[in-house]
Amino acid sequence: MQQVDVAIVGGGPAGTAAAHAAATEGAEAVVFEKGVPRADRQELGPDSTDAAGILDYWVDMMDLGEPIPDWVKARELDAAEFIGPNETVTLRSTGVSSSYPNFGFTMHRSKFDDWMRERCEDAGAEYRVGTSVREVETDFGDPSHTVVLRDGTEVKADHLVLADGPQRTVTNRVLDPLLPDGSVDKLASTKANHIAYQEFREFPEEAFEEDRIKFWWGLMPGHTAYPWVFPNDGTVARVGLTMPIGMDLSTVPNRDQYRLLRAEDTRIPQGKVYLERLLELAYPEYDLEDFPLVTDRGKQNGTETYPISSTQPIESPTAVNIAVVGGAMGATSAFHEGGDHVAVRTGAIAGRMAANDTMRAYNSEWQHAIGDEVVRSLSFAELARGLGPDDWDREFAAARRIVEHGQEFNLGNSIRAGVSGASLFARYWRHRRRFRKGYVQIREDDYAV
């Protein structure tokens, strides 16, 4: 049986960041990645699927210690455009100080994963792809962990990092015996996640906006449900959306106000249908045939479907040297569209602490590092809760008036924007104050270890 210092389940950004940090600290680390095929990757790799936009301050939050290579990036960005049924607001600054010179950039997520794998392997970690993890056996006395692979291979590790993303295929099985009956159910994918779908489409040159990411709100029902367009290389853009899982259309109030719904719809449309309707609505001067699918991109035939964590984060059972990182811990978010930055940061913290046998401090360390970002994201998500089309127009009109007085979302600019701006700011800070008192849904003390 192979013996290692750190075993890492999942080879995405969180897992490779953990492996890189552990190996850099001199630990023997191995990453287990089941591997999925993709049309734009020649070999098996992680489930590299998200909208893949990185904002300026996210670069600092990742704390990679080196620049992200240009070959990973797709487009440098100058702005983000938020579009409601009748109102639009454009942000040219995130309002958070950062060292990155531009608003942010879009990137090829699979290339980012490949680069992160190279980094961890160059640091001395082993990246094992193609065999999934069947189970994890924990010895609570040592503590230590035996990772059993699908082919029967066993690897024993002193520390375990769970980085298997928002589906939590392995994470939930490991945590379930450590929690009171039913507690892990709150992390079930149908409860804790949204579903996302995106397509790679070639845009007409005149319609392709290379300097901005675009989001539409109030066009489809569901909490933090929205479509987007992200520019890629050439005139290829990712057109996608996120929406709740299993939503019942009959429960939607004022359904006739949502422009991506039709009277003949008897249930929530499929992602493909939603996106076709978006293109027809947003680009009325073109036909759908003017936006052909780029079939050698994405998972298959230019499309991909994937889960996004839309829950509050959890603490880890560090008393038995287990750290849950990235999407598996709920640190990513459906609201701000992705979470590569917090996945990388939490993974790196876990890997470093595992290597130095200081895992007991992991929960306090990750909260210190990304707590403000979690609170920010959860607060904006709460602002979005329950909003209908007219509400989105009201909020975007208030936000536009705030932006007219300065790009920062602060008290002064909000007051200068009038009653609606001050109200928006006050409601946001009310949510922030609530989440600052606590945003973790499973605490370390909840585990029976």
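Residues numbered from 1 in each chain as written. Predicted model: local features only at pLDDT ≥ 70, side-chain atom pairs only at ≥ 80, totals over all residues. Heavy atoms only, no water.

Labelled according to an unreviewed UniProt entry, the protein appears under the name NAD(P)/FAD-dependent oxidoreductase, originating from Halomarina salina.

Trainee: I keep staring at helix H1 (residues 13–24) and nothing clicks. Help me out?
Mentor: An α-helix turns once every 3.6 residues. As a result, residues three or four positions apart point the same way. Counted at 1.5 Å a residue, the expected span for H1 with its 12 residues is 16 Å, and the 16 Å between its end C-alpha atoms agrees. A large share of H1 lies buried, amounting to 11 of its 12 residues. When H1 is considered as a whole, its buried residues turn out to be Pro13, Ala14, Gly15, Thr16, Ala17, Ala18, Ala19, His20, Ala21, Ala22 and Ala23. Buried residues along H1 sit against strand S1 (2–9), strand S2 (29–33), helix H3 (109–122), strand S10 (126–129), strand S13 (154–162) and helix H7 (340–355). Positive phi appears at glycine 26, one or two residues downstream of H1, with a value of about 95 degrees. (Helix = DSSP H or I, 4+ residues; strand = E, 2+ residues; numbered from the N terminus. Expected span 1.5 Å × (residues − 1). Buried < 20%, exposed > 50% of the residue type's maximum accessible area, 1.4 Å probe, protein only. Contact = heavy atoms within 4.5 Å.)

Trainee: I tried to follow the pairing of S13 on my own but got confused; where do I start?
Mentor: Walk down a regular strand and you will see the side chains alternate between the two sheet faces. Here 7 bridges tie S1 to S13, and the two strands are oriented parallel to one another. Directly across from valine 9, in S13, lies its bridge partner leucine 162. Hairpin remark: strand S12 (residues 144–149) followed by S13, antiparallel, with 4 residues in the connecting loop; positive phi at glycine 152, about 95 degrees. Here 3 bridges tie S13 to strand S19 (residues 322–324), and the two strands are oriented parallel to one another. Bridge pairing in S19 places valine 161 opposite alanine 323. (Pairing = 2+ DSSP bridges.)

Trainee: So what exactly am I meant to see when it comes to the sheet that holds strand S6 (residues 73–77) here?
Mentor: Adjacent strands of a sheet form backbone hydrogen bonds with each other and so pair up, either parallel or antiparallel. Sheet architecture is open: 3 strands sit in the order S5-S9-S6, paired in antiparallel fashion. Each edge of the open sheet carries a strand with a single partner, namely strand S5 (53–55) and S6. Put simply, the sheet's adjacent strands are angled 20 degrees from each other on average, direction ignored. One ladder, built from 3 bridges, connects S5 with strand S9 (residues 104–107); its direction is antiparallel. Of the residues in S9, the one forming a bridge with leucine 55 is glycine 104. (Axes fitted to C-alpha atoms, helices over the stretch in contact; angles between N-to-C directions.)

Trainee: Help me understand the pattern of salt bridges in this model?
Mentor: Where charged atoms from two side chains of opposite charge come close, those side chains can pair. Applying the stated criterion to the full structure yields 30 salt bridges. For arginine 394, the salt bridge goes to glutamate 395, with nearest N and O atoms at 3.7 Å. Given the relative accessible area of 6%, glutamate 395 is considered buried. Arginine 427 is the salt-bridge partner of glutamate 395, the closest N and O atoms lying 2.8 Å from each other. Of this pair, glutamate 395 sits in helix H9 (residues 389–404) while arginine 427 sits in helix H11 (residues 419–436), and the two are 32 residues apart along the sequence. The residues glutamate 395 and arginine 427 share a single accessibility class, namely buried. It is possible to trace a salt-bridge network through shared partners that takes in Glu81, Glu209, Asp211, Arg212 and Lys214. (Salt bridge = Lys/Arg side-chain N within 4 Å of Asp/Glu carboxyl O.)

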